[in-house]
Structure formats: structure tokens, C-alpha cells
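The primary structure of each chain is shown beneath.
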Amino acid sequence: MADLEPRGVIIPTDTIAARYAHVKRMVRNAELASRRTLGSVRILLATKTVEPARIIEALDAGADLIGENRVQEVTAKYDALSGHRHESHFIGHLQRNKVNALLGKVDCLQSLDSIALAARLQNRLEAIGGELDVMIQVNVTGEESKNGIAPDQAPDLISAIADCPRLRLRGYMTIGLHSTDQTAIRTGYTRLRMLRGAMAARGLPGATDATELSMGMSGDYLIAIDEGATIVRLGSAVFGERPAP
Ligand SMILES: *Cc1c(COP(=O)(O)O)cnc(C)c1O
């Protein structure tokens, strides 16, 4: 198992490029320590509250995947970022009335959390002639404040997605337990990995192609990699602390 950084990450230098290089090294070391294939974990930069110039610094340093939480931030930054090659995921709660504003501006919705939202996406994608990668957000910790479906709702949502030909199910996303208890954090990530396996084993439509596990943030990504994360979502480890909301 990898050496685990404590929560409250110690940032070695103060440029975005150096911090990005640092987390890349950490991810690589964690892949080795956890006997994962090198390159099997992608870094998504969580860019909420980060202005385009700083995001571009990260892209110039080699980052290729970013994620926003709010539709308003996606649209506000879209033009400034469009000349810089990258993939863009949406990782926040998506309200149905914001679907139109988002479609065409992101490559993947990681936070699909209801059959109604899947139907709405299908309907609008049909109208504009597009397709969208999606991941199912699962609340593995059972905290009431968290978005995402309960694990036992996954089969129904997977079946509903399979009935939406414009949606391609890529995998599962979760937000880890906010805690200093590393064992409890790990338990949540184990659950997401087991859910992926269980859905594929049941032969649910599309479930064998749903291989991605998006889990782990700045404070706990080494645990997540050890549990099989294929995407870790890092914000403060690269951009520094965010202003309080
Ligand atoms: C902000 C955010 C992250 C990154 O959080 P850090 O602790 O700053 O790394 C990851 N995932 C989601 C959904 C977020 O909103």
C-alpha cells in the first residue's frame, strides 16, 4: 500500500506547474505501490473558483482533464479555455433546467443521479444530435447531505441509461467521507469498487463497459488509488486552498 499523505496536504512549491508535477509523481508512486498498471489513473483537476488563466497554467503543465461543479462556471470559462486542448467533465449536481446550458460544453457528466435526469439528457441530446458519456454518482457513505443514488438504486438507473441510446455509461463516481478516519474513507471506496463488479456480474446492460471509478480528492487520493480509482479529482493539491464559499 502507498504511503498515505495526511489530510491537509503539504504543498511542496508554489507554482501550479510544480504542484501538478508533484501530484503526478505521487499518483505514479501510488500506482506502483498498489500494483496498478502505470498510467491507469487519470488526474482530473477540480477547477471550481479557479480563474481561466490559472487553469491554463495547469493545462500548459500537462494537465488534460478538468471538472467543474457549477454550470455557470462552465459557461463563464468556456471561451477562454476553448483554444487549449483538454477534456472537460461535470462533477457537480446538475439540475434538469440547466441541461441545455451544459450540453455541448462537456465531454462527460460524472454526476448522473436520477432516471429523470437521464431521460432529460436523452431528450435534449436527441434534439441536438449529440451523445454524452455519463457516470453514475453513488452515495456510498449514506450521509444525508450528499448527492448521489443509494447503491441499491444502481440497477434501475443502469437499466434506464441503457434505454437512452445517446448516453454511454462509463462508470461510477463518489465523494468520499469527509473524515480523518482513513479506514472509514477506504470502506466507502471499497464499496464503489464492489458495486462496479456486482453490476457487471449481474449482466446489467452496459455494465461491463462501465469501468471507470472516479473517487479520491486531495486529502485521500492515495487511498482511492489503492482501492482502484481510475480518476482522482484534485483541486486544492494543485491550486491551493479555495476561498470559503
Ligand atoms: C472540489 C471538488 C473536488 C476536489 O477537492 P479538493 O479537496 O480540493 O481536492 C473533487 N470532487 C468534487 C466533486 C469537488 O467538488
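Parameters at a glance
- Residues numbered from 1 in each chain as written.
- Predicted model: local features only at pLDDT ≥ 70, side-chain atom pairs only at ≥ 80, totals over all residues.
- Heavy atoms only, no water.
- Buried < 20%, exposed > 50% of the residue type's maximum accessible area, 1.4 Å probe, protein only.
- Helix = DSSP H or I, 4+ residues; strand = E, 2+ residues; numbered from the N terminus.
- Arc of directions from axis to C-beta.
- Contact = heavy atoms within 4.5 Å.
- Phe/Tyr/Trp six-rings, centres within 6.5 Å; stacked < 30°, edge-to-face > 60°.
- Lys NZ or Arg CZ within 6 Å of the ring centre and 35° of its normal.
- Near = heavy atom within 4 Å.
- Polar contact = N/O pair within 3.5 Å; in protein donor to acceptor, adjacent residues only side chain to side chain.
- Nonpolar A, V, L, I, M, F, W, Y, C, P; charged D, E, K, R; others polar.
- Pairing = 2+ DSSP bridges.
- Right-handed = clockwise from strand over helix to strand, strands pointing away.
- Core = buried A, V, L, I, M, F, W, Y, C linked by side-chain atoms within 4.5 Å.

Chemist: How do you make sense of helix H2 (residues 52-60) when you look at a structure like this?
Modeler: Spacing of three or four residues puts side chains on the same side of an α-helix, whose turn is 3.6 residues. Here H2 has its buried residues at Ile55, Ile56, Ala58 and Leu59. The arc that holds every buried residue of H2, seen down its axis, measures 155°, which confines them to one face. Buried residues along H2 sit against helix H1 (16-33), strand S1 (42-46), strand S2 (65-68), helix H3 (71-81) and helix H9 (236-239). Taken from the residues just after H2, Gly62 is the one with a positive phi, measuring 115°.

Chemist: Would you take a moment to explain the packing of aromatic side chains for this structure?
Modeler: Geometry of an aromatic ring pair is reported as the spacing of the ring centres plus the angle between the planes. All told, the structure shown has zero aromatic pairs when counted by the stated rule. Across from the ring centre of Tyr78, 5.2 Å away, lies the NZ or CZ of Lys105, which sits over that ring.

Chemist: So what exactly am I meant to see when it comes to the site of the ligand here?
Modeler: With respect to spatial proximity, the complete set of residues near the ligand consists of Ala46, Lys48, Asn69, Ile91, Ile175, Met217, Ser218, Arg233, Leu234, Gly235, Ser236 and Arg242. Within the side chain of Ser218, one N or O atom sits 2.5 Å away from an oxygen atom of the ligand. Its residues placed into classes, the shell around the ligand shows five nonpolar, four polar and three charged.

Chemist: How do you make sense of the pairing of S2 when you look at a structure like this?
Modeler: On a regular strand, each side chain points to the face opposite its neighbour's, so the side chains alternate between the two faces of the sheet. Both faces of S2 are covered, namely the face carrying Leu65 and Gly67 and the face carrying Ile66 and Glu68. Here two bridges tie S1 to S2, and the two strands are oriented parallel to one another. For Ala46, the partnering residue across the bridge sits in S2 and is Gly67. Following the backbone out of S1, through H2 and into the adjacent parallel S2, one traces a crossover that is right-handed. Pairing analysis gives four bridges linking S2 to strand S3 (residues 87-90), with the strands arranged parallel. Residue pairing for S3: Gly67 is matched across the bridge by His89. Once the chain exits S2 it traverses H3 before rejoining the sheet at S3, and the crossover so formed is right-handed.

Chemist: Looking at this structure, I do not really get the environment of Met194. What am I missing?
Modeler: By the secondary structure assignment, Met194 is in helix H7 (residues 182-201). The exposure class of Met194 is exposed, given its relative accessible area of 54%. Along the backbone, Met194 and Glu227 are 33 residues apart, and their C-alpha atoms lie at a distance of 9.8 Å.

Chemist: What am I meant to see in the nonpolar core here?
Modeler: One broad rule of soluble globular proteins: the nonpolar side chains tend to lie buried together. Counting residues in hydrophobic clusters, the biggest one holds 67 residues, and the most contacted among them are Leu121 and Tyr172. Those residues within four positions of Tyr172 in sequence are excluded, and the remaining contacts are Met135, Ile136, Val138, Ile158, Leu192, Leu195, Arg196, Met199, Ala210, Glu212, Leu213 and Ser214.

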